[in-house]
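As a plain string of letters, each chain reads:
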Amino acid sequence: MGTTVFERRRPADAVIDASLRDTAFSVFWLDDVERVSHPALTDSITADLAIVGGGYAGLWTAVRAKERDPQRKVVLLEASRIAWAASGRNGGFCEASLTHGHENGLTRWPDEIDRLEELGIENLDGIEETVKRYGMDVDFERTGQLAVAVEPHQVEWLREEEGFLDREAVQAEVHSDTFLAGAWEREGCALVHPAKLGLELARVAVELGVEIYEQSLVREVIGDGSSAITLVTRDGGQVRADAVALATNVFPSLLKRNRLMTVPVYDYVLMTEPLTDEQLTSIGWSNRQGLSDSANQFHYYRLTADNRILFGGYDAVYHFGGKVRPEYEDRAESHRKLASHFFTTFPQLEGLRFTHRWAGAIDSSSRFCAFFGTARKGRVTYATGFTGLGVGAARFAADVMLDKLSGEPTERTELAMVREKPIPFPPEPVASIGVNLVRAAMNRADHNEGKRNLFLKTLDAVGMGFDS
């Protein structure tokens, strides 16, 4: 089995140690904003629409609901704080893809892929228009995304892509000796400040008349759909609503049918201090694209508004039992690995410090993109399973959920991608064994010119194959 560039060019331990010495275990994006507090729900209220979850999916549903019908009474319940989970700690890649990339969508919905990609661009255009219309301060940059090859076999993968860049051309964009080629998709991705996007969506929602309640964990959904649905919170608050949208994503579903449909996979991130002008010149990157490499275990990286570099990905860790727990977020092994890979990628930045390290849980589904449905005679709808691409796709999901609650078919609700469900994950201990076998197989593939073994090919054949 071969070695990867990150093993062949590993920096000295002293470089890694120095870069991490004073790193805060804290989410940079959440430290970089001032948060407005919303009250907890402690009494009983009524609503036309109640939304559970204060991340992007829930917030977009609230905003889009009020835009459709300004008179509709909309209530949103968040268990903790607005955008504190995945929506406040992701990489800020707002991608057009609704299907976790072209290949995944082409494999699963070949007859729809062209239209799905059109709808994805329309959705990203809609996000940009909303940001402008409401004056949302979210550091929105429509930079596109540059996929890079860091191993020879990856060059051939990218050669057929639109916007292919050979070694000389990719080096002209970003100076890293590890980059052998690239493919720049110019329109399909924007960069945002994740926490600002969540907080600004909440601001817009409130200005449109949405009632937001924080620290209001929903414990129970009562009602069979024959009449209004009642949501009961941890502290005894209640909302009686004609319709309910569930946007809890990585957290355990309030619907038993969905408990095995997603698993939480932990993703790890580092953020550097701001680069000096000299350091920026040394790496180029004047077009500020989002970057990702092309391995199965891939990194993603981008510049912030104040010219820090966010560097994340590679490790994707599942813990037995599928629990979401704070203690899983500080994993020294993963953060050291990221620091090592960073200085392999940019050795000219040796001496740069990381100011923040953190992690977050991704709601992974077996088809690697969101799925949708209804319950309780159509009064309850849900969207979950975004698998890391929810920054952009959450707005599309909001429209799907609202369409479903209306009871009237639309182009969106008639899509096979929307109508079909993924294969559920098996219960423990099989889930843990399976997920870790997949991780090991993908790692072997990255060490073997990307060649997938029989296990991965079998998963591909049954619709559970991974293609990033």
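The structure under discussion appears in the preceding block.
Our subject in this report is the structure included herewith. All values reported here derive from a predicted model rather than from experimental measurement.

**Quick word on the side chain of S19**
Thought 1: Here S19 lies in helix α2 (residues 13-20).
Thought 2: What S19 contacts, discounting residues up to four positions off in sequence, is A339, F343, L352, R353 and F354.

**Considering the packing of aromatic side chains**
Thought 1: For the coordinates displayed, the defined rule picks out 16 aromatic pairs.
Thought 2: Residues W285 and Y301 carry aromatic rings whose centres are separated by 6.4 Å and whose planes lie at 80° to one another, so their mutual orientation is edge-to-face. Of this pair, W285 sits in the loop between α11 (277-283) and β14 (290-293) while Y301 sits in strand β15 (residues 299-303), placing them 16 residues apart in sequence.
Thought 3: Its relative accessible area of 1% is what places Y301 among the buried residues.
Thought 4: Here the aromatic rings of Y301 and F346 are separated by 6.3 Å at their centres, their planes lie at 80°, and the arrangement is edge-to-face. Of this pair, Y301 sits in strand β15 while F346 sits in the loop between α12 (332-345) and β17 (354-365); the two residues are 45 residues apart in sequence, bridging distant segments of the chain. By the burial criterion, Y301 is buried, and F346 matches it.
Thought 5: Its guanidinium or amino end placed over the ring of W60, R395 lies 5.8 Å from that ring's centre, counting from NZ or CZ.

**Let's talk about the packing of helix α7 (residues 113-133) against helix α13 (residues 390-406)**
Thought 1: For the pair α7 and α13, interaxial distance at closest approach is 9 Å and the crossing angle is 95°. Put simply, α7 runs roughly perpendicular to α13. For the pair α7 and α13, contact is made by L119, N123, G126, I127 and T130 and by V391, G392, A393, R395 and F396, respectively.
Thought 2: Looking at side-chain class alone, the contact of α7 with α13 contains five nonpolar, four polar and one charged residues.

Procedures and definitions
- Residues numbered from 1 in each chain as written.
- Predicted model: local features only at pLDDT ≥ 70, side-chain atom pairs only at ≥ 80, totals over all residues.
- Heavy atoms only, no water.
- Helix = DSSP H or I, 4+ residues; strand = E, 2+ residues; numbered from the N terminus.
- Contact = heavy atoms within 4.5 Å.
- Phe/Tyr/Trp six-rings, centres within 6.5 Å; stacked < 30°, edge-to-face > 60°.
- Buried < 20%, exposed > 50% of the residue type's maximum accessible area, 1.4 Å probe, protein only.
- Lys NZ or Arg CZ within 6 Å of the ring centre and 35° of its normal.
- Axes fitted to C-alpha atoms, helices over the stretch in contact; angles between N-to-C directions.
- Parallel < 35°, antiparallel > 145°, perpendicular 65-115°, else oblique.
- Nonpolar A, V, L, I, M, F, W, Y, C, P; charged D, E, K, R; others polar.

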